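Coordinate analysis (summary)
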Amino acid sequence: MKKVVLTALTLAALVFTGCSSDDDVALNPNGGGNPDGGASGDGIITSTDDEDFKPSDLKGDVTGNIKLVAGTEYTLTGPLRIKEGTTLEIEAGTTIKATAGGSDVFVAIERGAKIEAIGTASAPITFTSSASNPRSGDWGGIVIAGKAPSNVGVDAQTEVAGLKYGGTVADDNSGTLSYVIAKYTGARIDGEQEFNGISFFGVGSGTTVNNIVVENGDDDGVEFFGGSVSVTNLMVVNAKDDMLDWTFGWTGTVNNAILIREKDFTAVTKDPRGIEGDSNEDNNAATPLSNPTINNITIVNDALGTIEMSDMIKVRRGSKVTITNAIVALGTENGSKAGDFIDLSDSKGNADAAAAITVRGINIDETDVKNEVNATVNIDASTTGADLTVFGFSNYDFTTVNEILNPSL
């Protein structure tokens, strides 16, 4: 906490002012010690009592543990960087609104720091845009860096936010994300650098991630860059690019996921996909190889026929994967298009032959499979996909999705 030194003259002036006015002066109603709530301090937040901690102007380097509480209005106006050795705690039911219009508005958890964002089904934690007419790409998103292995070294740098990630601690713990909703993310720095909804860079298996929703993002929904973190109950709605993406040696698990592109979401990149899985573009044999497990997943593309997915499932560049109990579905009313149903080939390297996928298609050509490596692809009419009932906390209306998945009803 910063210290303020008062001279005798200053004290006298304060006493005189206090005796000559009937008005009470609140000490920084925006949080901290600056009476007028304006810009001051050094941009370093050591506690919620620090003058740099302002709920209405939330940004800075956090070097002491802080807690965001439900019922307080928080506006993220710049980078909020949680520094090594520090924990950001967020109470269930808290909403953080991000100022729209800048790629410099994001939350970054550094390697060695933690986020403890623990919502509940009845009181999720929400990150969203502050705009009156919010759109995808209004703000950056959530970036978490850890010490778990990747195949690009132990001190790689994130493509956004400028964090170091990677290491040798497979069970590294970056905290908890539970019942967290992130909306209108994906601000772009340039054509090569853009934020995802939530990015996991070298995040370890000691991190707890469950009941996550990413909506209306301008790049990928969720992306894993190496690491071994796992996710239970993942929902992505309307990602401009890929809904679920991994690279650089990710070895975690996703249990229960629903990925949706709605018919009216027309934002699209040149190659949007349901799943895009890589290991290492420059060296397909670099270790660890990406080798995630995806259980109980449903991918739905209900977009207008003019918005064609490049692939529904794309695995390439040395990545292994095990996908079980999967459904891939297209809407019919809008003439939705899939590109390829499954594609395991790529000019910069195919998927590893050990890849294994068990899936069925709805309103899609199940024979449209590119499998030059002779990986295991099972078309199984009995797959049931994701359990959608667990996503009630999102308040999402699954009526259209259920009609696509159950055309006979």
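Note that this is a predicted model, so its numbers are computed, not measured.

1. Thoughts on the overall build of the chain
The number of helices and strands found in the chain is two helices and 27 strands. Expressed as a percentage of the 409 residues in the chain, the buried residues total 53%. Here the analysis covers contacts within the chain between residues at least 6 apart in sequence; of these, 66% occur between residues at least 24 apart. Accessible surface for the chain amounts to roughly 16500 Å². Of this, 47% is attributable to carbon and sulfur atoms.

2. Some words on the pairing of strand S13 (residues 175-183)
For S13, the tally of buried residues reaches eight of nine residues, placing the bulk of the element in the interior. Where strand S8 (residues 114-118) and S13 come together, four bridges link them in parallel fashion. Across the sheet, residue Glu116 finds its bridge partner in S13, namely Thr176. Pairing of strand S9 (residues 125-129) with S13 involves three bridges; the strand directions are parallel. For Thr126, the partnering residue across the bridge sits in S13 and is Ile181.

3. Description of the confidence of the model for the chain
Here the chain averages 90 in pLDDT, while 89% of its residues score no lower than 70. Across residues 1-39 the pLDDT falls below 50, and counting only partners more than four positions away or on other chains, this stretch makes 45 contacts in the model.

4. Quick word on the nonpolar core
Generally speaking, nonpolar side chains in soluble globular proteins are found buried as a group. Core analysis: the biggest nonpolar cluster contains 70 residues, and Leu177, Phe200 and Ile297 have the highest contact counts within it. Other than its neighbours up to four places away in sequence, Leu177 contacts Ile115, Ala117, Ile144, Ile198, Phe200, Thr208, Val209, Asn210 and Ile212. The next biggest cluster of nonpolar side chains, apart from the first, holds 20 residues, and it includes Val300, Ile327, Ile362 and Phe393.

5. Describing the packing of aromatic side chains
One pair of aromatic rings is described through two measures. These are the centre distance and the angle between the planes. The tally for this structure, following the rule as stated, stands at 10 aromatic pairs. Seen from their ring centres, Phe225 and Phe248 are 6.2 Å apart, and the 50 degrees between their planes marks the pair as tilted. Here Phe225 is found in strand S16 (residues 222-225), whereas its partner Phe248 is found in the loop between strand S18 (244-247) and strand S19 (253-261), with 23 residues between them in sequence. Since its relative accessible area comes to 23%, Phe248 is described here as partly exposed.

Criteria and thresholds
Residues numbered from 1 in each chain as written. Predicted model: local features only at pLDDT ≥ 70, side-chain atom pairs only at ≥ 80, totals over all residues. Heavy atoms only, no water. Helix = DSSP H or I, 4+ residues; strand = E, 2+ residues; numbered from the N terminus. Buried < 20%, exposed > 50% of the residue type's maximum accessible area, 1.4 Å probe, protein only. Contact = heavy atoms within 4.5 Å. Areas by Shrake-Rupley, 256 points an atom, 1.4 Å probe, with all protein chains shown as cover. Pairing = 2+ DSSP bridges. pLDDT = per-residue confidence, 0-100. Core = buried A, V, L, I, M, F, W, Y, C linked by side-chain atoms within 4.5 Å. Phe/Tyr/Trp six-rings, centres within 6.5 Å; stacked < 30°, edge-to-face > 60°.

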